[in-house]
Structures are given as C-alpha cells and as structure tokens.
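# Reading the structure
One-letter residues, chain by chain:
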Amino acid sequence: METYAILTEEQREFQCTVSNVLYFKGVGLHTGRESSIIIKPAKEGSGITFIRKDLNPCVIIKAKADNVCSTMLRTSIGLKNAGKVENKAVSPLGCISTVEHLMSALWGAGIDNALIEVYGEEIPAMDGSARVFYESFYESGIKELNAKRKYIEILKPIVVESETGNGVSIAVYPSEDFEIAYDMDFNHPLVKTGSMDIKVDKFNFYEEISKARTFGFLKDVEYLKKNGLALGGSLDNALVLDETSVLNKEGLRYKDEFIRHKVLDLIGDLYLSGYRIKGRVLAKKTGHDMNSKIVKKIEEYLNFKFIAKDKKEENDFITAGKVATVFA
Ligand SMILES: [Zn+2]
C-alpha cells in the first residue's frame, strides 16, 4: 500500500468564522455587471458555502474543486449538470464567477467557515486584489469556533503536467509549512519572466500578497470583450498594460505585482480543496485551469477511503493521530 496524502488534525488551532455580517457591492471584472455579496458567520465544519440568492429557488454551491465549472481567466463555480432539459444537461446552474480573490482573502484571514450570499453572477471585483475583503474581515472581527482546524498534509508528491508539452505544470511536495514557488513567463518587458518563492502564512499574507491586483494587456481587451470577458475591467480594478508600460497612474503596488497576483490566485484556487495545505507547491506558468486540476486531484485522494491491509496498519494510523482518509 502506498500512501500519498492524508488529512491530519492540527491540535493547536481552532477553526474560525467572521464575527459579523459583511456586505460588499461592486462591478464584476468579467460580467461588467453590478453584484453584491453578504458574508455571514457559519458553524464549525461547514466550510465556505456560496448561495445564489438572486435565483428562485436559490442555489447552494459549496466552495470545492468539484464545483469548478469554468477556468477561463477566472475561477467560476456552479452546480454542473444540475438541470436537464430533454435529457441534455444545462449547465452550470447558479454559476458564480471570479471566486478566487475572495477565497484567497478568506484563506489569508484564517476563515474556515462562512456563508456567502451572492446577488449576481460574479463576485464584485473591488480593487482587483484581495485587500478590501481581507481588511474588512479583520476590521469587523474573526471569531474562533469550538473545533480544531484540519489540514491536508502532503506525504508524497502530487503532480499535474500540461498535456500540450508547453512546460506548464504544478506539483505539491511534502512540507511542514505552506510554501509556494511560482515561475512566470510572459512575453512582455514589464511582466516578463520571474519567480517567487514564499512561505505564506497569516502573518505575511496581507503585506506580501493581498494587495497584488489582477492584470491584463490592452492588446487583448477587444478579443476578451468580444468573448464576454473583462467587460468590467478598468483601471480601478486591474493593472492594464500596453506594449511597454502600466497605464494605471498610481503605478505598481509591488515591483513584482504581477507574480504576486499569480500567487494570490493560486492560494484562492487551492483553498477550493476545502482545507489549508501543508505542502510545498511548485507552479510553473499555471493559471486557473491547472490550479483547479491539482485541487481536483487532491480532492480525489481525499475521497478515496483508507483501507488498512491489517489491524496493525489501522492501529498505526490511529496512534499517529491521523484522520482516517488515506489513499492507496
Ligand atoms: Zn486573479
């Protein structure tokens, strides 16, 4: 029997939720339409749950990789194949676009459980980063709950490589901490090639990651808009680049804001596993598509039940204090 990854219980930390109800309103980065969200406290073990309250009946969508329905320039979740018309699936039901920046802020603020009511098809873009959400969580308060926090602990590498052989890959290796090593490769004089290697935790997320804004290239805008994307993108919620420079008057928040935003996205996408991860993530040129592929792989492992080959093996896991979801 080979063990790949396990769910382990962290003894020192408690799960958290928001202390108060929070309200955000704004334009969606891709839909270009106004939407609003209300974030409410949720009980321990319930995780992050989205509800499309503007639909009748409303649609409940758990924040998990299995519900990812689109990864085209953003991560959207919805209930896939939930509805059927003449035996053909109409999907996805209750789609919510661009959840990744909010998910990243929830991770950064240490919020394990929350109920997010959504009025619209997309999470408001705010300033294009995770900062506004994160600051609001801290200002309004974060409450500890009466249950221990669980982590995904990576025991053996999990790797996903792009099938097209373009050097895009993502892998998670064992580590005591949550580390991200990201390699970026853009053909642009400002964004260009670069890498970032960071151990991310609740202490450095705000300063190092949360303020990095999403970015787009002016040359792509027309094509994107024709395809119904970036319709709400503006200098207020994104860094916009022409051939050589950034058009935003205030300039960059970090010298390497682009790669920091890729890390911000990755954190948000990985949090769709439903857990915090103890592991070292090596991401090469990945976007939401590859990010969600590795989370799906992690989720597959999580759903694979541990079958001990004998009593001794079973006892070994119990004495080691592991929660019994192990993968062969
Ligand atoms: Zn993003």
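Here goes a summary of the coordinates provided. (Residues numbered from 1 in each chain as written. Predicted model: local features only at pLDDT ≥ 70, side-chain atom pairs only at ≥ 80, totals over all residues.)

What follows concerns the sheet that holds strand β3 (residues 34-41). Ordered by their spatial adjacency, five strands build an open sheet running β2-β3-β11-β4-β5, and the pairing between neighbours is mixed. Strands at the two margins of the open sheet, each flanked by one partner only, are β2 (22-27) and β5 (59-62). If you compare each strand with its neighbour and ignore which way they point, the axes differ by 20° on average. Note that β3 and strand β11 (residues 114-119) share six bridges and pair antiparallel. When the bridges of β11 are listed, Lys40 appears paired with Leu115. (Pairing = 2+ DSSP bridges. Helix = DSSP H or I, 4+ residues; strand = E, 2+ residues; numbered from the N terminus. Axes fitted to C-alpha atoms, helices over the stretch in contact; angles between N-to-C directions.)

For the rest of this paragraph, the subject is the packing of helix α1 (residues 100-108) against helix α2 (residues 131-140). Where α1 meets α2, the axes come as close as 8 Å, and the angle between the chain directions of the two elements is 35°. Two packed elements cross with a definite hand, and for α1 against α2 that hand is right-handed. Residues Leu102, Ala105 and Gly108 of α1 lie in contact with α2, whose contacting residues are Phe133, Tyr134 and Phe137. Along the lines of polarity and charge, the residues of the contact of α1 with α2 split into five nonpolar, one polar and no charged. (Left-handed = near helix turned anticlockwise from the far one by under 90°. Contact = placed C-beta atoms within 7 Å. Nonpolar A, V, L, I, M, F, W, Y, C, P; charged D, E, K, R; others polar.)

The sheet built from three strands is open, its strands ordered β6-β7-β10 with antiparallel pairing. The open sheet is flanked by β6 (68-70) and β10 (93-96), the only strands paired with a single partner. Sheet twist, expressed as the average angle between the axes of neighbouring strands with direction ignored, equals 40°. Note: strand β7 (residues 76-79) against β10, two bridges, orientation antiparallel. For Leu79, the partnering residue across the bridge sits in β10 and is Leu93.

What follows deals with the environment of Met126. One can find Met126 in the loop between β11 and α2. Accessibility expressed as a C-beta count within 10 Å gives 22 for Met126, which makes it buried. In this structure the C-alpha to C-alpha distance between Met126 and Val27, which are 99 residues apart in sequence, comes to 7.4 Å. In this structure Met126 touches Phe24, Gly26, Val132, Phe133 and Asn237, once residues within four positions along its chain are discounted. (Buried ≥ 20, exposed ≤ 12 C-beta atoms within 10 Å, placed from the backbone.)

All right, on to unusual backbone geometry then. Of note, the bond from Asn56 into Pro57 is cis; its omega dihedral lies within 30 degrees of zero at 0°. Within the secondary structure layout, Pro57 lies in the loop between β4 (48-52) and β5. Its identity as a non-glycine residue notwithstanding, Lys192 has a phi of 35°, on the positive side. Here Lys192 is to be found in the loop between β15 (178-185) and β16 (193-199). Of the residues examined, Lys192 has 13 C-beta atoms within 10 Å and is grouped as partly exposed.

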